[in-house]
Amino acid sequence: MSASQAEHGGSIPLTCSMSPQASYRLRRLFQSHRSLILLQLLSPRSLKNGFVRALYQLWGELMLYHGTIVGGLCVIRANSISHTSGKQVAYFTEDRCYALVCCRGRGENFVTIGLREDGKQHYFERFPNQMEILYGGKRGYLYSTEAHLQNSSGHTWKSELDVPVFLHEVVDDVYSELLKEEKVGDLIVHRYLEIDPVEQKMHANHIKEHMAEEGEVMRQFYLAHFGALWD
């Protein structure tokens, strides 16, 4: 495995020549003692070098992430409002790119990313240099858990209870990390000037018409980033 592959957590060619029976026994050992194995391998409890992601990928296990700009968390509080039930929940995602995009402040609640038919996350810039402006130089934290969560939809998982943190990753510059994800092909970025101007104008004017519905903080955000784009 190259240092680049380990850092990005991309496709890592892991091969094994053992028999199916031996592979099954090793898999069961990993599943039974996973927490102990990972804690012995990692000091401190960080997954920055991609090694843990490689282990989860090797054994077909899901790694669930919660992205935020708040460091030092031991528990992810169930204080977000569920889009379906209206209850307070803690959200996680199995998609690392989406978790990175969630590393933002409450006054920047502008997420323009989503899965497409190719199974990858596509990020759409709706104002010039959007991704760099929102994430450049920003430190983020990705928290992972061993808890059993409910799959609410797609790559999203949730819990109505507070969720204990098992591992964490410190991302020194979220923008740089997103560019790495783009480079290895896990994230598709549609930059502002690459998108049809008619489509961009439609989005900008829609925001102008509805921004009052989102409160004063987001109104100021839209004024700062979209004011020059409106009719």
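Before reading further, recall that the structure is shown in the block above.
Scoring rules and cut-offs
- Residues numbered from 1 in each chain as written.
- Predicted model: local features only at pLDDT ≥ 70, side-chain atom pairs only at ≥ 80, totals over all residues.
- Heavy atoms only, no water.
- Helix = DSSP H or I, 4+ residues; strand = E, 2+ residues; numbered from the N terminus.
- Contact = heavy atoms within 4.5 Å.
- Buried < 20%, exposed > 50% of the residue type's maximum accessible area, 1.4 Å probe, protein only.
- Polar contact = N/O pair within 3.5 Å; in protein donor to acceptor, adjacent residues only side chain to side chain.
- Core = buried A, V, L, I, M, F, W, Y, C linked by side-chain atoms within 4.5 Å.

Observations regarding the environment of Gly-71
Counting through the fold element by element, Gly-71 comes out in the loop between strand S1 (65-68) and strand S2 (75-76). Once the C-alpha coordinates of Gly-71 and Tyr-141 are considered, the two residues, 70 residues apart in sequence, prove to be 6.1 Å apart. Setting aside chain neighbours within four positions, we find Gly-71 in contact with Tyr-141 and Tyr-143.

So, the side chain of Thr-145
Within the element layout of this structure, Thr-145 appears in the loop between strand S7 (140-144) and strand S8 (150-153). Thr-145 gets classed as buried once you look at its relative accessible area, which sits at 6%. At a separation of 2.9 Å, a polar atom in the side chain of Thr-145 contacts the main-chain carbonyl oxygen of Pro-164. Sequence-distant contacts of Thr-145, defined by excluding residues within four places in its chain, comprise Leu-64, Phe-92, Val-163, Pro-164 and Phe-166.

So, the nonpolar core
One recurring pattern in soluble globular proteins is that nonpolar side chains are buried together. The biggest cluster of nonpolar side chains holds 31 residues, and the ones touching the most others in it are Tyr-123, Tyr-135, Leu-178, Tyr-222 and Phe-226. Among the elements of the structure, helix H5 (96-101), helix H6 (130-135), helix H7 (174-183), strand S12 (187-190), helix H8 (197-210) and helix H9 (215-226) are those that each provide at least two residues to this core. Core analysis: the next-biggest nonpolar cluster, separate from the first, contains 11 residues, Ile-76, Ala-90, Tyr-141 and Val-163 among them.

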